[in-house]
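Residue-level listing of the chains:
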Amino acid sequence: MWMKQQSRQEHIIYLALWGMLFAAPVLSLYLRAMNDSALSFQWSEVWVIWQHFTPYLLLFIIHNFLVAPLLVYQHKRLLYGSIFVAMIVGFMLYQCADKPDRPLQKPDMAKMDDVRPPLDDDFRPDDDFRPDDDFRPDEGPDGMHKPDREPMFKPDDKKMRHTPPAFIGEHDIVATLMLFLMLGMNVGIKFYFKNRDDQKKLTILEKENLEQQLEYLKYQINPHFFMNTLNNIHALVDIDAEKAKSTILELSKMMRFVLYEGNKQGVPLTREFDFIRNYITLMRLRYTDKVKIRVDLPTQAPDRQIPPLMLITFIENAFKHGISYQHESFIDVKVVIEGTKLRFTCRNSKADKPNPEKGGVGLTNVKQRLNLLYDNNFTLNIQDEPDIYNVELTIPLT
């Protein structure tokens, strides 16, 4: 679709340039006739100029549709170079083929006037002067034939000699240079539009790759989350069966959110906050009062969206690695909306013994997800101190 649009735009540019070129002599002659009443607009003059443009137009059409694609799209540099040189040489031969012979050059009469001695203004031929009938300017006084006198002005042999014109003149060089620049401009425009096509293709491929990576990350995050939740329910079954039943109900609500909202590009902030509250409510059932869990989420959120399951991974990580059954521990979760940005903080104590369960998939994936979604338009600061683990995340809201 976009390739046809790009080709249409390219052809519109060519039509506009050639249209202005062929319209220029018409406009020029028209304005000249308007400014000078002695002149009239003659289409014959326009036709003569158009005849000079016609070879350029024909070569441009051949180059644009047949020759230039060899270089731009097929990358056949040698073949293109050979045809390009052949076109230039052929155009030069065409320009030089029908030159008329130079006429013989005559002596410069102005220079002869400078050499001829001026006549005296007082000199007037005598009306009674008659040359003698027997006078012969070519005979001497003795009647002998006088040799021919050397002419006063000898023509320059080099100037009078008939010489053929030079094979290529200044006009031919200028015409060839114009053709060279015109074909070069044609290649440049084609490369420009090809580069735009390549950029669009690359953007589409990157978008498709991004969507595939996000889908892959979601499929990894969801099982990871359910695995942790089911482990919690399993622990509650042995401790308090009634709490386990209520936990299953909370889990069903969370599963509904994951199934129907997890595959979307974004979810409303209120839905994401409700999901976090349900998850923390479920987790509270498992621990005693020694674990201090504080949650500060906005009760009223703006009509903005956030990628689903973006924040829950950090909270999961806090419960997994920050809870101690022997000592008091804490988890603080806070979300603040600042204009079009969301600031999330999650602080938790660190357990005396690290959790032996292998994990880290969710935290690693959420970092990759942030890079894919926001590029450099987010900040993630993680402070891993001996007793406290602190996460600060700032992301833009859409």
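Computed from a predicted model, the values in this text were never measured in an experiment.

Novice: Any chance you could explain the overall build of the protein chain here in plain terms?
Specialist: Broken down by element type, the protein chain carries ten helices and seven strands. Relative to its full complement of 398 residues, the protein chain shows a buried share of 31%. Sequence-distant contacts, at least 24 apart, represent 75% of the contacts inside the protein chain between residues at least 6 apart.

Novice: I'm lost on the packing of helix α7 (residues 241–261) against helix α8 (residues 269–284) in this one. Help?
Specialist: Each pair of packed helices can be summarised by the angle the axes make with each other and by the distance between the axes. In contact at an axis separation of 10 Å, α7 and α8 are set at 150° when each is read in the N-to-C sense. It follows that α7 is roughly antiparallel to α8 by the angle criterion. Like other packed secondary-structure pairs, α7 and α8 cross with a definite hand, here left-handed. Judged by residue contacts, Thr247, Glu250, Leu251, Lys253, Met254, Phe257, Val258 and Glu261 of α7 engage Arg271, Glu272, Phe275, Asn278, Tyr279 and Leu282 from α8. A breakdown of the residues in the contact of α7 with α8 according to their chemical character gives seven nonpolar, two polar and five charged.

Novice: Would you mind showing me how to read unusual backbone geometry here?
Specialist: Leaving glycine out, the prevailing phi sign among residues is negative, and the prevailing peptide bond configuration is trans. A positive phi is found at His75, a non-glycine position, where the angle reads about 60°. Along the chain, His75 falls in the loop between α2 (43–72) and α3 (77–97). A residue is classified by how much of its surface remains accessible, and His75, at 46% relative accessible area, is partly exposed.

Novice: What is the right way to look at the sheet that holds strand β5 (residues 341–349) in this model?
Specialist: The pairing of strands in a sheet happens through backbone hydrogen bonds and is either parallel or antiparallel. If you walk across this open sheet you meet the five strands as β2-β4-β5-β7-β6, and the pairing is mixed. On the outer flanks of this sheet lie β2 (291–296) and β6 (379–384), each paired with one strand and no other. On average, each strand axis in the sheet is tilted by 5° relative to the strand beside it, whichever way the strands run. With six bridges connecting them, β2 and strand β4 (residues 329–338) associate as parallel partners.

Novice: I would appreciate a short explanation of the nonpolar core in the present structure.
Specialist: In a soluble, globular protein the nonpolar side chains are often hidden away together inside. Judged by nonpolar contacts, the single largest core of 45 residues is most densely connected at Leu311, Ile315, Phe319, Leu342 and Phe344. A per-element tally of this core places α8 first, with eight residues. Residues in contact with Phe344, not counting those within four places in the same chain, are Leu311, Phe314, Ile315, Val333, Lys334, Val335, Val391, Glu392 and Leu393. Ranked by size, the runner-up nonpolar core spans 22 residues in total, among them Tyr14, Phe53, Met87 and Ala175.

Novice: Looking at this model, I keep getting lost on the side chain of Thr394. Mind explaining?
Specialist: Among the secondary structure elements, Thr394 is positioned in strand β7 (residues 388–396). Setting aside residues up to four positions removed in sequence, Thr394 forms contacts with Lys341, Leu342, Arg343, Phe378 and Thr379.

Novice: Would you mind showing me how to read the packing of aromatic side chains here?
Specialist: Where two aromatic rings form a pair, the distance of their centres and the angle of their planes describe that pair. Scanning all chains against the criterion turns up 14 aromatic pairs. Members of the aromatic cluster, each reached through a chain of ring pairs, are Tyr14, Trp18, Phe22, Phe41, Trp43, Trp50, Phe53 and Phe60.

Cut-offs used in this document
Residues numbered from 1 in each chain as written. Predicted model: local features only at pLDDT ≥ 70, side-chain atom pairs only at ≥ 80, totals over all residues. Heavy atoms only, no water. Helix = DSSP H or I, 4+ residues; strand = E, 2+ residues; numbered from the N terminus. Buried < 20%, exposed > 50% of the residue type's maximum accessible area, 1.4 Å probe, protein only. Contact = heavy atoms within 4.5 Å. Axes fitted to C-alpha atoms, helices over the stretch in contact; angles between N-to-C directions. Parallel < 35°, antiparallel > 145°, perpendicular 65-115°, else oblique. Left-handed = near helix turned anticlockwise from the far one by under 90°. Nonpolar A, V, L, I, M, F, W, Y, C, P; charged D, E, K, R; others polar. Pairing = 2+ DSSP bridges. Core = buried A, V, L, I, M, F, W, Y, C linked by side-chain atoms within 4.5 Å. Phe/Tyr/Trp six-rings, centres within 6.5 Å; stacked < 30°, edge-to-face > 60°.

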